[in-house]
Structures are given as structure tokens and as C-alpha cells.
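Survey of secondary and tertiary structure
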Amino acid sequence: GSFKLSYYNEYKSYLSEKCRVRFNDLLDLEQPANLAFFDALGKPTSGITVGSFQWLGNYDLCISLKKYNFVPCKSTSVIRIEGEAAGKLLWTTCLPRECKDEFIDLILERINVTMQLYLNETLQLEDEIETKCYEEVQYDTGAYIAIVFVSTFTLLTLLATIYKPCCGYLNWITSAFKTTTKCCANDPGVVVNKAASDGTKMQAIKPKENVYEEYEKEEGTANGVHANGVHGNGALPNGKLEVLEPCREIGTLSTYDNNMSADPNVGDDGELGEHHTVQFKLPSIRKGVLKRLEKVFECFSLSKNLGILLSTKVGKGQVSCLNGLRVLSIIWVLLGHFYLQPLLFGPIGDMYQGFEMSNRTSFEVVLNAFPAVDTFFLMSGFLVSYLLLKKFQSGKTFRSMALGYYIHRYIRLTVPYVAVILVQGFLYRQITTGPFADILEGTNQNCKDWWWTNILYVNNIVPWGSPSRCIGQAWYLADDMQFFIIAPLFIIALWKRPVIGVALSAGVTVLSVITSIVLTDHYNYATTPFRAGVSNPNMFALYYVMPHIRIPPYLMGVLGGWAYFKYSPAITQFAKTDPKTRLLLAVPLWMITIAVQYGVVFGIHGPNIAPYQETETMRLSNAALSRLGWAGSLLCQILLCQSGMGGVINTALSWKGWLPLSRLSYGLYLLHYGLNIVWIVQLRHVWSFRPDFQMVTQFMGLVVFVNLAAAVLFLLVEQPVANIERMFLNPPPRKPTIITNNSATPKEQDAKSSEA
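Comments concerning the overall build of the chain
A tally of regular secondary structure across the chain gives 28 helices and 11 strands. Residue pairs at least 24 apart in sequence account for 77% of intrachain contacts in the chain once pairs closer than 6 positions are excluded.

Okay, structure coming up:
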């Protein structure tokens, strides 16, 4: 049979002779490969009039036709509504590799003409069509580095986890291994040579084989012999050479533990009775360096780090309500990106229905999830200020701990950060397949060009004015690190001269607000980045991520931490006052702060769904007050919780069950964006925003999956690095050794030290 397109004759003159022959061959549907080719082509679906412009073919079927030289291709054309970009026409095809360009021009030309008949006057398709075809992805240097990095940390974790159990098992096995030599009557006995308390070697002589085995003493034991052994103090008097009487059984050698011990049947005079056995336990040779390396190795132990992760022990003086606040805020961030990323990267099958869903006031929680980031800035400033002031109170100066202050922060954040950069930036593209996987090539190239800006924490300003970032959401980490660097200037001022410190913090906050108003007015920025993606795409790179715009919540956190530190005794005392008094003060404060937060989140619902409702006054007031209003009201609520006026809210936020999840919040922030993109670009079907139940279940699945991934990052990288960093920068204090007698043995010195 044959198959003819009605418009083929009209456009065949545009094809080369080679491609005309190839096209005619494809029309022979008796060939299974040709039939599969037409089956793999994307075809117009129902719902065009409601925005279904995503025509996906069968990607995997086309890949299976590679031996026939077919290749999957993706073509896009921008759809504009009243002149503004509102979506894309997307068509995935399966074409002969040698003629893909000519075939795409032929078919899409006809599609553009046909589509105009279905579009109303407000919709237009751009003439320019972008086409990208599948190409084999090669592993590059960055990918191999990522594999080595992940493999190294994984191997260390596995080995460290089985290290102690295996050592215990080997000790148990070797304890069963014994070497016994029998002595005949009147034969020379066993010679035990034990020096006095100078720690020399011990010889166990087996007369018949004339074999000598020497064992060095265990460092830290009583001169190599257990204190409960010969003569009670582990040394023979005067270190003399003692020849024991002939015996029927002599000592056995065992490698059970790290000490050398004598059998309890040995008499107090050091001689063996008849039918007695001496058992010596083999020590290991351990030096200081080896012990330190062993401790470093144990930092990767999965059992140890899992215990830390799952611990619900609340530290003394901890602001416990921040644990729940941290978890809920990161979930809010995930929710916003969950709905936003399909618009940026995925095939939307019901674009108009998505617009209708955004008309609901409740959906503003998704459209305006940006205050969640300000919550993290506030908490970060609060904790840095509060903890640093407690250090000052203990007598430390910033000069004495400045190096540790910065090194601790950099190491703890950067190593997990580098792990995510390597995997997301250099490995995701290699391991991801699907009709939209080429989107990850942009991230791959950005990481090749700009990875260094991330580890220097300047990726929020470099490259200037460009949205190209290695890790898109990591602008927050750059802002937070820059704020952390300058925070001591404000905190030291608050410690030494509170009036100057408050004035300095307030002054910088006011300057930031003025800058926001001026830039918003000058560049006509929208009320939120959601609107800016349509009206002014430069708002993200030149305004939204800039530190001089985002610093007010952080400084409010610094002031809040100082206030909590300064007035914490009064706050604690107030929490013990009459409940009625606290209730009279708490109710109006909670009502005011909740009203402010409601206004910040839902007050701009109109402009988000209808740009014409946005006025200049609304834009400027939002730029000036939204961050201050959110941070100020939230800070007030934190202090209310700590003052015993939080009620059921404080009980919920301070629940111990939040602790393990709060430890994963950093990993969640690093991983969620990239993992969600990987999920979207591998879709073989269009994305739909309906029904709500489907979206809820998908979001819950994303939250669980990202938490599991964050747990892996925590156990393999984040916590081991924290253990090592703590071991070197904050080693546990050593117990002082008090020597009262120069001739005392180390065991006696330890005993006297403990008594002291």
C-alpha cells in the first residue's frame, strides 16, 4: 500500500533529491520500520482550543529505530497572547537523520498554516521554529570527577560502617586459635622475661620448638601486662629473669583483645601451680597518627551518623520552635517550585486550565511562595546573632575565634554543595533520557563555565545580569554567605554599643528598602517574580537575587537574636507569670502578625492573575513593605513562642519529631530543584495541572523522594564532613594528668589523676 500527504506535492520542490527518494520510501507501509516511524510521530491531540499545544510522539519507539537511521527530534514555537509569551507549541517527531532538517521545515510549515485556523485573534505563533534532535551524550571530565567523588564517599561509608563489627568478629574468631606447648618432667620450664616499669618487651619461649615470639606492650596499658595480672601491677619485681618450675601445661597465646593478661590462676608470687595455664592476649601496635586516622575513618560510619540524624534530643537553650518552622518553610519552597518548574521546562497539556486554577485565591500560596525564602534569611540572622553573643558572654573575643567562625561555615556548607554541583551539573545529563533531556545541557554548560562562582559564593552577582546559573536555586546560599561574612560588624556593635548596633542595622535596612523602591519604579518591575517572568525577565537576575535587596529579613533576624539574648531572662520570667496575663497580650499580637502575613501572601492576588489590576502604588508598596512585614511579624511570633505565649502553635512547631527532618533541610534545598527537573524532562506524556488530587499525590511523592535523597547526602557527605571538621577544629578537651610520684606507673598516674 501507499500513503500520501495531501500537501506533499506542494512542498516536494523544497526537498533535495536524496530526501525525496527517502520520503517516497517511507510511504511504503509494508515495511515494519516505516510503520513504526509513522507510529512514533507526534500527532495533534484534542484540547487545542484550551491550550493543548504539546504533541508528543513515542520517544522510546523512535530510539528503537536507530538502526534504521531514525532520530527523535523536538521542535518548538512560541505562542503569544496579546503580544506576551504565554506558552509553546511543542512537537516531538521521529525523522530520518540525513533529512531531518528538510523534513521538519516541510511539515512544520504546513502545521503553522493549519494552526492559524484554530487560533483566535489574541493568539499568535512565532514564525521562528527551534528544532533539536537527539544526540548521544558522552561522559566528560566533570562526569568522571562526579563519579569518583560519589564512589569515594560511598566506599568510605560502607567500610567505616562494617569496620567495628568486622573487627569484633575477627577478634572472636582469633580467640579460638591457641598454640600450646607441653613440657616434660625435668625439662627446662617456661622462661618469662618481663622488665620492670620501663615498658620493655616480653618473651614467651617454647622450649621444644625453640620459637621466640615477642610482643610490644599496648600503649596506655600497665607496661604491657594487665593490671590484674602478675603481681597485681603488671610487672615482676626488679624485672628479673624468672625460671618457672616444670609444668604439664604452659601458657597459651591468644589474640582476643589489645591487652596482655595473665591467667587468674597465677599465684601472687608470680609462679605457676600445677595444671595451670597462662593466657597472653595479643596487643595491636597503635600510634597517635594511626589512632587519629582511625577516628577520621569512623566519622563516616553509617550507624553513627544515622543515630545523629534520627536523634530527637533537644539541646539546652535551643530555640525549638525554629525546627518546625524550618521544615514547613522548605516544604513551601518545594511547593512553589513544584508548580513553577513544569511551566519552565515541561510539556504543559492544559495551559488554559492552569490559568483558571491560578484564579483561586487559595492558589496564591503557590504563586507567591517567595516569603518562604525570607523565613530562612530571618532564621539565619537570628541564630548567628544569638549564638555569637553567647560566645562573647563566655569571655571569647571575635578576634580569637574569627578564623574558626568562617572556616567552620565554609567547610560545612561547601562540601555537600560541591557534591550537588558535580552530580547535578555534570552527571544528570549523562544519566537522563527522554524527549526533553536536552534541557539539562544548559545546566551542564553553565556548570562548566561558572562552577567557580558557586564555591566562592558569588553566583548571585556573577555573571552580572544573566540568569545563567550552575545551580539555579543556589543564589540564596550566596546571599546568605555574604550576609554571614558581614554579620559580625552588626553583632559586635550590638554587643559593645547597642544603640550604635541598632542604628547601623536599621540604617542598612532603610537603604535597602529605598533601593528596592527606586529600582522597581525605574525598571517597572512587577509585584512578584511570577509576574516578572512574563513582563520583565531581567527582574530575577538584576533585582530578585541581589544581596542589597534581600538583606532586610537577615538584619531583622540579627536584631531579633540580640533582643532574645539580652532579654531572655526577662522572657523566661514572663513565661512563668499568670496565664491570663499572657493570654491578654498574646491574642492581639498573634492576630496582628497573622493579618500582616495574610496581606503579604494574598494581598497581591489580583495583579498575579490580572496584570491590568497592578498599579504603581501597589508595586512600590509591595517592594518596600512585603519583606519587612513578613520578617517582622514572623520574628514577633518566634519571640511569642519563646515567651510562653505560643500556645498550641509553639507546641506544634517545637515537636521533637521535626528535628530529624530539620537536619535534612539543607540537603532538601540543594537537591529538590534538580531532581524535580530530572523528573519533568523524562516525562513521556504531557503535564496536567488537573485534578487537584493528582497534584497532591505527585507533590507528596516528590517530598518523600527528595527527603530520601537528602538523607543519603546527609549520611554520605554532610555529617561525615561535620564530624571531621568538629574533630579538628573543636577537639574534645583532654583530661589533665597530675603526677605526684615520678616512679609511678602510667596506670597509677591515671588512677591518681582520676582521684584528683
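Side note on the packing of aromatic side chains
Enumeration according to the criterion identifies 44 aromatic pairs in this entry. Aromatic pair Phe 376 and Tyr 476: ring centres 6.3 Å apart, planes at 65 degrees, arrangement edge-to-face. Taken together, the residues span a long stretch of sequence, with Phe 376 in helix α12 (residues 371-393) and Tyr 476 in helix α16 (residues 475-496) at a distance of 100 residues. Across the pair, exposure class does not vary: Phe 376 and Tyr 476 are buried alike. Put simply, the rings of Phe 370, Phe 376, Phe 377, Trp 475, Tyr 476, Phe 483, Phe 540, Tyr 544, Tyr 554 and Tyr 669 pair up and form one aromatic cluster. Over the ring of Tyr 544 we find Arg 550, and its NZ or CZ is 4.5 Å from the ring centre. Cation over ring: Lys 566 sits above Tyr 567, and NZ or CZ is 5.8 Å from the ring centre.

Regarding the side chain of Asn 459
Assignment of secondary structure puts Asn 459 in the loop between α15 (440-455) and α16. Residues in contact with Asn 459, not counting those within four places in the same chain, are Tyr 417, Thr 453, Asn 454, Arg 469, Ala 474, Trp 475 and Ala 478.

With respect to the state of the cysteines
Two cysteines joined by a covalent bond between their sulfur atoms form a disulfide. For the structure shown, the criterion picks out three disulfides. Covalently, Cys 62 is tied to Cys 94 through a disulfide, its sulfur atoms 2.1 Å apart. Measuring the twist about the S-S bond at about 85 degrees, one finds the Cys 62-Cys 94 disulfide to be right-handed. One end of the pair, Cys 62, is in helix α4 (residues 59-63); the other, Cys 94, is in strand β3 (residues 84-96), with 32 residues separating them in the sequence.

Comments concerning the packing of helix α9 (residues 321-345) against helix α23 (residues 616-642)
The geometry of α9 relative to α23 is characterised by a closest axis approach of 10 Å and an angle of 145 degrees between their N-to-C directions. Of the residues in α23, those in contact with Cys 321, Leu 322, Leu 325 and Trp 332 of α9 are Trp 630, Leu 634, Ile 638, Cys 641 and Gln 642. Residue composition of the contact of α9 with α23, grouped by class: eight nonpolar, one polar and no charged.

Quick look at the pattern of salt bridges
All chains considered together, the criterion is met by 10 salt bridges. Across the pair Glu 441 and Lys 132 runs a salt bridge whose closest N-O atoms are separated by 3.4 Å. Here Glu 441 is found in helix α15, whereas its partner Lys 132 is found in strand β5 (residues 130-133), with 309 residues between them in sequence. A salt bridge links Arg 550 to Asp 374, with the nearest nitrogen and oxygen atoms 2.9 Å apart. In this pair, Arg 550 sits in helix α20 (residues 547-574) while Asp 374 sits in helix α12, placing the two residues 176 residues apart along the sequence. For the pair Arg 550 and Asp 374, one class covers both residues: buried. Connected through salt bridges with shared partners, the residues Lys 132, Arg 429 and Glu 441 form a single ionic network.

Things to note about a nonpolar patch on the surface
A surface patch of nonpolar side chains, about 390 Å² in accessible area, is lined by Tyr 139, Tyr 144, Ile 147 and Ile 431. When you line up the elements, Tyr 139 lands in the loop between β5 and α6 (141-174). For Tyr 139, a relative accessible area of 37% translates into the label partly exposed.

Here's the deal with the packing of α16 against helix α17 (residues 498-523)
Orientation of α16 relative to α17, taken along the N-to-C sense of each, is 150 degrees, at an axis distance of 5 Å. In contact with Leu 489, Phe 490, Ala 493, Leu 494 and Lys 496 of α16, α17 contributes Pro 498, Gly 501, Val 502, Leu 504, Ser 505 and Val 508. Class assignment of the residues belonging to the contact of α16 with α17 gives a composition of eight nonpolar, two polar and one charged.

A closer look at the environment of Leu 542
With respect to the helices and strands, Leu 542 occurs in helix α19 (residues 539-544). For the pair Leu 542 and Ile 461, spaced 81 residues apart in sequence, the C-alpha to C-alpha distance is 8.3 Å.

Here's the deal with unusual backbone geometry
With the exception of glycine, most residues fall at negative phi, and the peptide bonds are largely trans. The linkage connecting Val 462 with the following residue, Pro 463, adopts the cis geometry, with an omega of 0 degrees. Mapped onto the fold, Pro 463 is located in the loop between α15 and α16. Here the phi dihedral of Asn 69 falls at roughly 70 degrees; this positive angle occurs in a residue that is not glycine. The residue Asn 69 is located in the loop between α4 and β2 (70-81) in this model. In this structure, Tyr 457 is a non-glycine residue whose phi angle is positive, near 60 degrees. Examined against the element boundaries, Tyr 457 turns out to sit in the loop between α15 and α16.

Concerning the confidence of the model for the chain
Per-residue pLDDT for the chain has a mean of 77; in total, 72% of the residues score no lower than 70. The model gives residues 1-7 a pLDDT under 50, and that stretch makes 11 contacts with residues more than four places away or in other chains. Within the model, the stretch residues 178-286 combines pLDDT values under 50 with 185 contacts to residues more than four positions away or in other chains.

Points about the environment of Ile 638
Looking at the element boundaries, Ile 638 is found in helix α23. Along the chain, Ile 638 and Leu 322 lie 316 residues apart, while their C-alpha atoms are 7.8 Å from each other. Residues in contact with Ile 638, not counting those within four places in the same chain, are Val 319, Cys 321, Leu 322, Leu 325, Leu 378 and Phe 382.

What to know about the side chain of Thr 432
Considering the arrangement of structural elements, one finds Thr 432 in the loop between α14 (428-431) and α15. There is a polar contact of 2.5 Å between the side chain of Thr 432 and the backbone oxygen of Tyr 428. If sequence neighbours within four positions are ignored, Thr 432 has contacts with Ala 437, Leu 440, Val 678, Val 681 and Gln 682.

Brief notes about α17
The end-to-end C-alpha separation of α17 is 38 Å, in line with the 38 Å expected for 26 residues at 1.5 Å each. For α17, the full list of buried residues reads Gly 501, Ser 505, Thr 509, Ser 512, Val 513, Ser 516 and Thr 520. Residues of α17 that are buried in the fold lie against α16, α19, α20 and α23. Positive phi shows up at Asn 524, right after α17, with a value of about 60 degrees.

Thresholds, definitions, all that
- Once a new chain begins, its residue numbering starts again from 1 and follows that chain's sequence as written.
- Residues qualify for local features only when their pLDDT is at least 70, as the model is predicted, and side-chain atom pairs are given and counted only at 80 or more; totals for whole chains, interfaces and linings, by contrast, use all residues.
- The basis for the side-chain values is all heavy atoms of the structure; hydrogens and waters are excluded.
- Labels follow the DSSP assignment, with helices taken as runs of H or I lasting at least four residues and strands as runs of E lasting at least two, numbered in each case from the N terminus.
- In this analysis, two residues are considered to be in contact whenever any of their non-hydrogen atoms come within 4.5 Å of each other.
- Stacked, tilted and edge-to-face are the three classes applied to pairs of Phe, Tyr and Trp rings, where Trp contributes its six-membered ring and a pair requires centres within 6.5 Å; stacked means planes under 30 degrees apart, edge-to-face means over 60, and tilted covers the rest.
- Exposure is judged per residue with a 1.4 Å probe applied to protein chains only, and the accessible area is read against the type maximum: over 50% gives exposed, under 20% gives buried, and values in between give partly exposed.
- Criterion for a charge above a ring: Lys NZ or Arg CZ within 6 Å of the ring centre, and within 35 degrees of the ring normal.
- For the purposes of this analysis, a disulfide is any pair of cysteine sulfur atoms at a distance within 2.5 Å.
- As a rule, the C-alpha atoms of each element are fitted with a line to give its axis, helices using only the stretch in contact, and angles between N-to-C directions run from 0 to 180 degrees.
- All amino acids are sorted into three groups, where Ala, Val, Leu, Ile, Met, Phe, Trp, Tyr, Cys and Pro are nonpolar, Asp, Glu, Lys and Arg are charged, and the leftover types, Gly among them, are polar.
- By definition here, a salt bridge exists when the distance from a side-chain nitrogen of Lys or Arg to a carboxyl oxygen of Asp or Glu is within 4 Å.
- For patches, a residue must show more than 30% relative accessible area and have no salt bridge; joins then use 9 Å for like charges and 5 Å for nonpolar side chains, namely Val, Leu, Ile, Met, Phe, Trp and Tyr.
- Note on areas: these come from Shrake-Rupley sampling with a 1.4 Å probe, and a residue is covered only by the protein chains present in the view.
- pLDDT: the predictor's confidence for each residue, scored from 0 to 100.
- Under the rule applied, a polar contact is a pair of N or O atoms within 3.5 Å (in protein, one hydrogen donor and one hydrogen acceptor; residues adjacent in sequence only if both atoms are side-chain atoms).
- Between the first and last residue of a helix there are one fewer steps than residues, each counted as 1.5 Å, and that sum is the expected span.

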